[in-house]
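Listed below are the residues making up each chain.
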Amino acid sequence: MSTAALTALDFGGIVLPPGAEVLGVLDERGIDQLYALAIAVEPDTVDSLLADSGFTKELEPGRQVFLPPVPGFDPDRGADIASAQDALPAGRARPAKVTREVLIDRSDPDRPVAHLWLFTT
């Protein structure tokens, strides 16, 4: 796994389940920090990804995330998507509050893709 992926996961408090594969990472720095990730997961591990990462909001059907995805992994084409947003307080890997947006694309039921946007504001 790349250093950028490890840094992004730590920054956002994301705990990957067994069998997860980071497909791509976007790292944008400016006044704020933004990481976007696309992660393929096993179908039965979506709930553990969210629970182990401490997500506090339930997924809702549809796309409620409008940030740019990791190039090559556009969830707009997904037929079965759900999304949510929460936030983490400042901590060890986070000098400021981190907003976390997640979109789960189950268009391929055998290999769902979790799209994550992790950013400070």
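Please refer to the structure placed before this passage.
Fair warning: this is a prediction, and the values are worked out from it, not measured in the lab.

1. Some details on the nonpolar core
In step 1: Ile-14, Leu-37, Ile-39, Phe-55, Val-102, Leu-116 and Leu-118 are the most contacted members of the largest nonpolar core, which totals 19 residues.
In step 2: The set of elements that each furnish at least two residues to this core consists of helix H1 (3-11), strand E2 (33-40), helix H2 (46-52), strand E5 (98-105) and strand E6 (113-119).
In step 3: In this structure Leu-37 touches Ala-5, Ala-8, Leu-9, Val-22, Gly-24, Val-25, Val-70, Ala-114, His-115, Leu-116 and Leu-118, once residues within four positions along its chain are discounted.
In step 4: Counting eleven residues, the second-largest nonpolar core is a separate cluster that includes Leu-34, Ala-36, Ile-81 and Leu-103.

2. Section: the pattern of salt bridges
In step 1: Applying the stated criterion across every chain, the model contains four salt bridges.
In step 2: A salt bridge links Glu-21 to Arg-111; the shortest N-O distance between them is 3.4 Å. Residue Glu-21 is located in strand E1 (residues 21-29), and its partner Arg-111 is located in the loop between E5 and E6; the two are separated by 90 residues in the primary sequence.
In step 3: Classification of Arg-111 as partly exposed rests on a relative accessible area of 24%.
In step 4: Residue Arg-111 is joined to Glu-42 by a salt bridge in which the shortest nitrogen-to-oxygen separation is 2.7 Å. Taken as a pair, Arg-111 in the loop between E5 and E6 and Glu-42 in the loop between E2 and H2 lie far apart in primary sequence, 69 residues in all.
In step 5: Among the charged side chains, a salt-bridge network with shared partners connects Glu-21, Glu-42 and Arg-111.

The rules behind the values
All residue numbers here refer to positions counted from 1 along the written sequence of the relevant chain. Whole-chain, interface and lining totals are the exception, using all residues; otherwise, since this is a predicted model, local features are given only for residues with pLDDT of at least 70 and side-chain atom pairs are given and counted only at 80 or more. Where side-chain values are given, they derive from all heavy atoms of the structure, hydrogens and water being excluded. To form a nonpolar core, buried Ala, Val, Leu, Ile, Met, Phe, Trp, Tyr and Cys residues must be joined to one another through side-chain atoms within 4.5 Å. The buried label applies to any residue whose accessible area, calculated with a 1.4 Å probe on protein chains only, is under 20% of its type's maximum; exposed applies above 50%, and partly exposed to all values in between. Helix and strand definitions here come from DSSP, where helices need a minimum of 4 consecutive H or I residues and strands a minimum of 2 consecutive E residues; each element is numbered from the N-terminal end. Contacts are residue-level and defined by heavy atoms, with any inter-residue pair within 4.5 Å sufficient. Just to be clear on terms, a salt bridge is a Lys or Arg side-chain nitrogen sitting within 4 Å of an Asp or Glu carboxyl oxygen.

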